[in-house]
Amino acid sequence: MRIPPKTPEVRVPRLVGLMAVDAREAAARQGVLLAAPDRPDFHRTVVDHVVRQYPPPGTEVPRGAAITVWFDLGEGEGGGGAGVREPRPPARPPGGLLRELDEPAGKLTG
């Protein structure tokens with residue numbers, strides 16, 4: 001069911017998976033605004049893809065409400081290689097057991 005354009009409430013469009021430029025166009029057609037807390041340069045963002053949005057698609061909101069979207073990490077933004085790491089045992093404190101060993105037998109004077 002389509003909501004007539006003059007109603008005060010609109011349905012949030014599905015933005016996840018869209019490129020930034022397409023998400024802005026879809027939001028404008030539906031009568032809502034977009035906010036991107038992880039992108040201060042959002043108005044210039046073009047090809048990054050929306051990975052999350054709030055409120056979810058289909059929610060009724062007042063016309064002109066702001067929909068928050070988040071984007072994937074782009075080239076050079078720290079997205080590479082930070083996956084699961086193997087656990088490492090804690091480093092031994094300096095000295096450790098070596099401090100508590102007796103002097104070797106050859107160095108004792110009797």
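Just above sits the structure.
Note that the structure is predicted; figures quoted are calculated from it, not measured.

J.: How should unusual backbone geometry be read in this particular structure?
T.: Outside of glycine, negative phi angles account for most residues, and trans bonds account for most peptide bonds. Omega for the peptide link from Tyr54 to Pro55 comes to 0°, which places this bond in the cis form. Assignment of secondary structure puts Pro55 in the loop between strand E3 (50-54) and strand E4 (60-62).

J.: Explanation requested: the side chain of Arg39 in the structure shown.
T.: Structurally, Arg39 can be placed in the loop between strand E2 (33-35) and E3. Within the local environment of Arg39, its side chain forms a polar contact with the backbone oxygen of Asp72, the two atoms lying 2.8 Å apart.

J.: Sorry if this is basic, but what is going on with the sheet that holds E2 here?
T.: Hydrogen bonds between backbone groups are what pair the strands of a sheet, and the pairing can be parallel or antiparallel. Overall, mixed pairing links the three strands, which are arranged E2-E5-E3 in an open sheet. Only two strands of the sheet have a single partner each, and these edge strands are E2 and E3. Taken over all neighbouring pairs, the strand axes of this sheet differ in orientation by 35° on average, direction set aside. Summarising the sheet, E3 and strand E5 (residues 66-71) pair through four bridges and their orientation is antiparallel. Looking at E5, one finds that Val50 is bridged to Phe71.

About the thresholds
- Residues numbered from 1 in each chain as written.
- Predicted model: local features only at pLDDT ≥ 70, side-chain atom pairs only at ≥ 80, totals over all residues.
- Heavy atoms only, no water.
- Helix = DSSP H or I, 4+ residues; strand = E, 2+ residues; numbered from the N terminus.
- Polar contact = N/O pair within 3.5 Å; in protein donor to acceptor, adjacent residues only side chain to side chain.
- Pairing = 2+ DSSP bridges.
- Axes fitted to C-alpha atoms, helices over the stretch in contact; angles between N-to-C directions.

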